[in-house]
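Structure at a glance
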Amino acid sequence: MKAKRRVTTAKDVRVAARRTPTVRKVKPLLGLAPSPSASPAPTRARSVVARPIAAHDQPAPSVAVDLSVDLGRGLVLTNPILVASGTFGYGIEYGDVVEVDRLGAICCKGTTLKPRIGNVPPRVTETPGGMLNSIGLQNPGVDAVVDKYAKTWTGWRTSVIVNVAGESVGDYVEVVRRLDGVPGVAGIELNISCPNVGKGGLQFAIDADAAGSVTAAVRRATDLPLLVKLSPNVADVRPIARAIADAGADVLTAVNTLSGIAVAPSRQKPLLGNIYGGLSGPAIKPVALRIVYEVAQIVDIPVVAIGGVTELADVLDYLAVGAVAVQVGTAIFADPTLPVRLVDELAEECRGRGLTSHRDLIGTALPRKPGAPSAKGVEYRP
Amino acid sequence: MTMRLVRTELVDSREILPGQWLQSFHAPALASGTRAGQFVHVRTGDLSGLVLRRPFSINTADPVSGTITIHFRTIGRGTEWFTSLRAGDAVDMLGPLGRPFEVDSRSRHLLLVAGGLGMAGVRYLADEAIRDGRQVTLLFGAASARDVYPSSLLPDEVEYVIATDDGSVGHRGFVTELVPEYEAWADQAFACGPAPMLAALARLAAGRRDRLGVARLGRRRGAGRTVALGSPAARRKAFLQVSMEQNMGCAVGACLGCVIMGVGGAPQRVCREGPVFAAEEVAWDSGW
């Protein structure tokens, strides 16, 4: 079937010609999505006609965009824009300022078995293009979190994913057991990479065996969808990612903050009370992009990206390197309405490109996987 | 009034003291319904690579003209960006945030104590108190005469007493040294300034409580009832309320960045439980 069988105007043909439509129908995940620079702001109707395959299947000019994301085990998000743990509390703090029900999901503040008072202040400071934080997992403990917030969460359309931290495998398992079956808890995000606590925390994220065993132990304890958050503070994240995936995680989240410090204005001591903090914000985006790019190529489970998302272009970048969804974190502090706006902007972007789903934008910048050897290939081998 | 995101417009901007600016914004939604002690979280320009908003006490609020003012010192790129604003420029504010000063309805004499930029924290309370027919004495401490907040920017009714470190104007020494003269006169005290100043005031307040008791407040029906520490009712009964400062992230209670240590051993969020606290709520010696 040739691409241009439909009746098209001369203008449509010109647009179509710029769009390299031939690869698309073969492998949407690896295909080349038309880049925005190649087709400057096409109108909705025109872009539908211009993409012969979609136009053939769906002649309707107004495209309904499906932004849903299936993270496995029944966790289907309405859209791929999540808010990151630690930046959005338990979902209630921003009150009427943010329409929580329009978020893809909320990852709540890191939750531990026992209450934690956290680190000595100062706990936050701004850095070029980012910020350092060393909250130290202050939280009231899993039981109090469930008592206080779970009922509210059940009333929301948005999924709430509880971020879980611990000092030992036993801690993680016990917290997850107490969350298992609680109405309002849609999933677990394992924080095995918090750089701001003395014991535990990071040690699970820097060793493939430890990461695999804590994931496996939690996997045995619950059927809830299980996300595991990777640390960027390692030489090579791939063996760790693979171990976590092999141990039964449903999703990888990449990445947690980068370890860093700041110096007090007096220059007599480090600025943060805890000395070390985690760097977040636009400053870390290239690092996070690299890790998502590396991980997405070697695991078969979905990757949710996090690191310095402040505008739609960042979302599109992360999708291009293989993320199925993104978390917005630090940018919320400056612009609490950003995540909801990104949902609208992503839908608009898809419509503008004549796409019925953002899934066509995923993985477009990844290297092509070598296809399965075909009989034809063998025939032609010299 | 619940917090909201408000698009404000700069009306006036002036450097009232070396490196200290007073800016006025048209923001009717914030100007009415804001109480003294509350603050706004203000977004900086996007071009500068700054990722956090800046918290500012609401220095004054005028519901009639629909304006609020903020008072700040230029200490970095964020505050310098604010000084580049011109009349008519739009600025995004989140507010009003935090809990206000709680004045007991029976208090006639209010003692305000401000150290340096701490003036911004208590300034609006002077307006509120005078509007409500109370007498206000404002003790102000600064390094030297050149840093002294101009009395012309205060209501005429305020008794303004100054201390400077170098004695170039007013009392030579710390502002806290002026407090004992006024402690018997004052029904309640409200302070904002550097943490050591507030800690010294808290010690003075505790001493006053030991000497004078709470006779003024303690003889009414129901006075024996205990009120929860940190509640508005408990704060209204406190002799000293302080407005605290801490590095801040979200300003709505989500990130837990801006905590101080409370007496019960639980961290208190400056943005949510504060920025105003009764002095007895704060664990001054915790090392936090």
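1. A few points about the overall build of chain A
A count of helices and strands for chain A gives 12 helices and 14 strands. Evaluated residue by residue, chain A yields a buried proportion of 52% over its 382 residues. Contacts in chain A between residues at least 24 apart in sequence constitute 72% of all its contacts with a sequence separation of at least 6.

2. Concerning the overall build of chain B
Scanning chain B for helices and strands turns up 7 helices and 16 strands. Taking 2.2 N^0.38 as the reference for a compact globule, 288 residues should give roughly 19 Å; the C-alpha atoms of chain B span a radius of gyration of 18 Å, in line with that estimate. Seen through its principal axes, chain B has C-alpha atoms that stretch 55 × 45 × 40 Å. Looking at the 288 residues of chain B, the share that counts as buried comes to 48%. The long-range share in chain B, meaning contacts at least 24 apart out of those at least 6 apart in sequence, stands at 64%.

3. Remarks on the sheet that holds strand S14 (residues 325–328) of chain A
All names here are of chain A. Judged by pairing direction, the barrel is parallel, and its 8 strands sit side by side in the order S3-S4-S7-S8-S9-S10-S13-S14 before closing back on the first. The average angle at which neighbouring strand axes cross in this sheet is 25°, direction not considered. Bridging between strand S13 (residues 303–306) and S14 involves 3 bridges; their strand directions are parallel. Each residue of the ladder has a partner; that of Ile-306, found in S14, is Gln-327.

4. Comments concerning the sheet that holds strand S6 (residues 130–133) of chain A
Residue and element names in this part refer to chain A. If you walk across this open sheet you meet the 4 strands as S5-S6-S12-S11, and the pairing is antiparallel. Looking along the sheet, the strands with just one partner apiece sit at the ends: strand S5 (124–127) and strand S11 (258–261). Strand-to-strand, the axes of this sheet are offset by a mean angle of 40°, without reference to chain direction. Note that S11 and strand S12 (residues 276–280) share 4 bridges and pair antiparallel.

5. A look at the domain arrangement of chain B
Residues and elements named next belong to chain B. Each assigned domain of chain B is listed here: domain 1 (4–97) and domain 2 (109–281). Using only C-alpha atoms to locate each centre, domain 1 and domain 2 end up separated by 23 Å. With 19 residues of domain 1 at the interface, the matching set in domain 2 holds 21 residues. Those elements that place two or more of their residues in the side of domain 1 that touches domain 2 are strand S1 (4–17), strand S3 (39–42), strand S4 (54–57), strand S5 (60–62), strand S6 (67–73) and strand S7 (90–97). When grouped by side-chain class, the residues that make up the side of domain 1 that touches domain 2 number 11 nonpolar, 6 polar and 2 charged.

6. Structural notes on the packing of helix H5 (residues 169–179) of chain A against helix H6 (residues 208–221) of chain A
Residues and elements named next belong to chain A. Closest axis-to-axis distance for the H5/H6 pair is 9 Å, and the angle between their directions is 25°. Looking at the two axes, H5 sits roughly parallel to H6. Every pair of crossing elements has a handedness; the one defined by H5 and H6 is right-handed. Across the interface between the two elements, Val-169, Tyr-172, Val-173, Val-176 and Arg-177 from H5 touch Ser-213, Val-214, Ala-217, Val-218 and Ala-221 from H6.

7. Considering the interface of chain A and chain B
Counting from both sides, the interface comprises 32 residues of chain A and, opposite them, 26 residues of chain B. Only S5, S6 and helix H10 (331–334) of chain A provide two or more residues apiece to the side of chain A that touches chain B. Of the residues contributing to the side of chain A that touches chain B, the split by class is 15 nonpolar, 13 polar and 4 charged.

8. Remarks on the pairing of strand S12 (residues 188–192) of chain B
The side chains of a regular strand alternate, residue by residue, between the two faces of the sheet. Residue and element names in this part refer to chain B. In terms of burial, S12 is a largely internal element, 5 of the 5 residues being buried. With burial as the criterion, each face of S12 is covered, one bearing Gln-188, Phe-190 and Cys-192 and the other bearing Ala-189 and Ala-191. Two elements, strand S8 (residues 109–115) and S12, share 5 bridges in a ladder whose sense is parallel. Looking at S12, one finds that Leu-111 is bridged to Ala-189.

9. Comments concerning the pairing of S3 of chain B
Residues and elements named next belong to chain B. Neither face of S3 is exposed, since Phe-39 and His-41 on one face and Val-40 and Val-42 on the opposite face are all buried. Across 4 bridges, the pairing between S3 and S4 is antiparallel. By the bridge assignment, Val-42 is partnered in S4 with Arg-54. Strand direction decides the pairing type here: S3 and S7, joined by 3 bridges, are antiparallel. The residue bridging Phe-39 from the neighbouring strand is Leu-97, located in S7.

10. What about unusual backbone geometry?
Val-255 of chain A follows Ala-254 of chain A through a cis peptide bond whose omega is 10°. Along the polypeptide, Val-255 of chain A turns up in the loop between strand S10 (251–254) and S11. Look at the link from Gly-274 of chain B to Pro-275 of chain B: it is a cis peptide, with omega at 10°. Note on placement: Pro-275 of chain B falls in the loop between strand S15 (267–269) and strand S16 (276–278). Of note in this structure, Ile-275 of chain A is not a glycine but carries a positive phi near 65°. In this fold, Ile-275 of chain A is placed in the loop between S11 and S12. Positive phi outside glycine occurs at Leu-256 of chain B, with the angle close to 60°. Overall, Leu-256 of chain B belongs to the buried group, with 27 C-beta atoms counted inside 10 Å.

11. Concerning the environment of Val-161 of chain B
Residues and elements named next belong to chain B. Here Val-161 lies in strand S10 (residues 159–164). Val-161 gets classed as partly exposed once you count the C-beta atoms within 10 Å, which come to 18. In the structure, Val-161 is positioned 48 residues away from Val-113 in sequence and 9.6 Å away in space, judged by C-alpha atoms. Those residues within four positions of Val-161 in sequence are excluded, and the remaining contacts are Thr-137, Leu-139, Gly-170 and Leu-178.

12. Some details on the environment of Leu-212 of chain B
Within the secondary structure, Leu-212 of chain B is located in helix H5 (residues 195–212). Remark: the alpha-carbon pair of Leu-212 of chain B and Leu-240 of chain B, spanning 28 residues in sequence, is separated by 14 Å.

13. Here's the deal with the packing of helix H4 (residues 142–154) of chain A against H5 of chain A
All names here are of chain A. It is the contact of H4 with H5, at a shortest axis distance of 10 Å, that shows an interaxial angle of 20°. Judged by the angle between their axes, H4 and H5 are roughly parallel. The interaxial crossing formed by H4 with H5 has right-handed handedness. Packed against H4, whose contacting residues are Val-142, Asp-143 and Val-146, the element H5 presents Val-175, Arg-178 and Leu-179 at the interface. Looking at the contact of H4 with H5 residue by residue, the class counts come to 4 nonpolar, no polar and 2 charged.

14. Here we look at the environment of Thr-74 of chain B
In this fold, Thr-74 of chain B is placed in the loop between S6 and helix H2 (77–83). With residues near it in sequence (within four places) discarded, Thr-74 of chain B still touches Gly-19, Trp-21, Thr-79, Glu-80 and Thr-83 of chain B.

What counts, and at which threshold
Residues numbered from 1 in each chain as written. Chains lettered and ligands numbered in written order. Predicted model: local features only at pLDDT ≥ 70, side-chain atom pairs only at ≥ 80, totals over all residues. Helix = DSSP H or I, 4+ residues; strand = E, 2+ residues; numbered from the N terminus. Buried ≥ 20, exposed ≤ 12 C-beta atoms within 10 Å, placed from the backbone. Contact = placed C-beta atoms within 7 Å. Rg over C-alpha atoms; globule rule 2.2 N^0.38 Å. Pairing = 2+ DSSP bridges. Axes fitted to C-alpha atoms, helices over the stretch in contact; angles between N-to-C directions. Domains from an automatic or database assignment. Nonpolar A, V, L, I, M, F, W, Y, C, P; charged D, E, K, R; others polar. Parallel < 35°, antiparallel > 145°, perpendicular 65-115°, else oblique. Left-handed = near helix turned anticlockwise from the far one by under 90°.

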